[in-house]
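So you can see what is in the structure, the chains are spelled out below.
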Amino acid sequence: MEIIEKYYSYELEKEVTVVLTWYDYDVATNYLDFEWEAHDETGKDVRNELSGAEEDECERIARRYAKSL
């Protein structure tokens, strides 16, 4: 599990940490697969509590980080 970056959620009115939990990249097909979570200050996964737009933004953050590995 790799901490990627902090993201402020206006929906939850607090900062969450975007975490990459798993990734796999297939060079032959250029296929990237990954899983991510958004943790609050207690470490609880609050991904399902984010608005759709915030969840999309956190996913973009995770995808950008996974591509850089």
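Please read all numbers here as calculations on a predicted model, not as lab measurements.

Q: Tell me about the nonpolar core, and please be specific about residues and values.
A: Val18, Phe34 and Trp36 are the most contacted members of the largest nonpolar core, which has 16 residues in total. Apart from residues no more than four positions distant in its own chain, Val18 is found in contact with Glu2, Ile3, Ile4, Glu5, Tyr7, Trp36, Glu37, Cys58, Ile61 and Ala62.

Q: How would you summarise the sheet that holds strand E2 (residues 14-26) if you had to cite specific residues and measurements?
A: In any sheet, the strands associate via hydrogen bonds between backbone groups, in a parallel or an antiparallel arrangement. If you walk across this open sheet you meet the three strands as E1-E2-E3, and the pairing is antiparallel. Strands with a single pairing partner mark the edges of an open sheet, and in this sheet they are strand E1 (2-9) and strand E3 (31-39). Averaged over neighbouring strand pairs, the angle between their axes works out to 30° when direction is ignored. As defined by bridge partners, E1 adjoins E2 across seven bridges and the pair is classed as antiparallel. In the strand pairing of E2, Ile3 is matched with Val19. Against the sheet, helix H1 (residues 52-68) engages E1, E2 and E3, with an angle of about 155° to E1.

Q: Describe unusual backbone geometry, with residues and values.
A: Despite not being glycine, Glu13 has its phi angle at roughly 60°, a positive value. Mapped onto the secondary structure, Glu13 falls in the loop between E1 and E2.

Q: Give a description of the confidence of the model for the chain that names residues and reports values.
A: Scored by pLDDT, the chain comes out at a mean of 94, with 100% of its residues at no less than 70. Summarising per-element confidence for the chain, the mean pLDDT is lowest in E1 (94) and highest in E3 (96).

Q: Tell me about the packing of aromatic side chains, residues and numbers included.
A: Within this structure, the stated rule accounts for one aromatic pair. Ring geometry for Tyr8 and Tyr10: centres 4.9 Å apart, planes at 75°, overall edge-to-face. Look at Tyr8 and you get partly exposed, because its relative accessible area is 38%. Tyr10 sits in the exposed class, given a relative accessible area of 66%. Lying across the ring of Trp36, Arg47 places its NZ or CZ 4.1 Å from the centre.

Rules behind the numbers
Residues numbered from 1 in each chain as written. Predicted model: local features only at pLDDT ≥ 70, side-chain atom pairs only at ≥ 80, totals over all residues. Heavy atoms only, no water. Core = buried A, V, L, I, M, F, W, Y, C linked by side-chain atoms within 4.5 Å. Buried < 20%, exposed > 50% of the residue type's maximum accessible area, 1.4 Å probe, protein only. Contact = heavy atoms within 4.5 Å. Pairing = 2+ DSSP bridges. Helix = DSSP H or I, 4+ residues; strand = E, 2+ residues; numbered from the N terminus. Axes fitted to C-alpha atoms, helices over the stretch in contact; angles between N-to-C directions. pLDDT = per-residue confidence, 0-100. Phe/Tyr/Trp six-rings, centres within 6.5 Å; stacked < 30°, edge-to-face > 60°. Lys NZ or Arg CZ within 6 Å of the ring centre and 35° of its normal.

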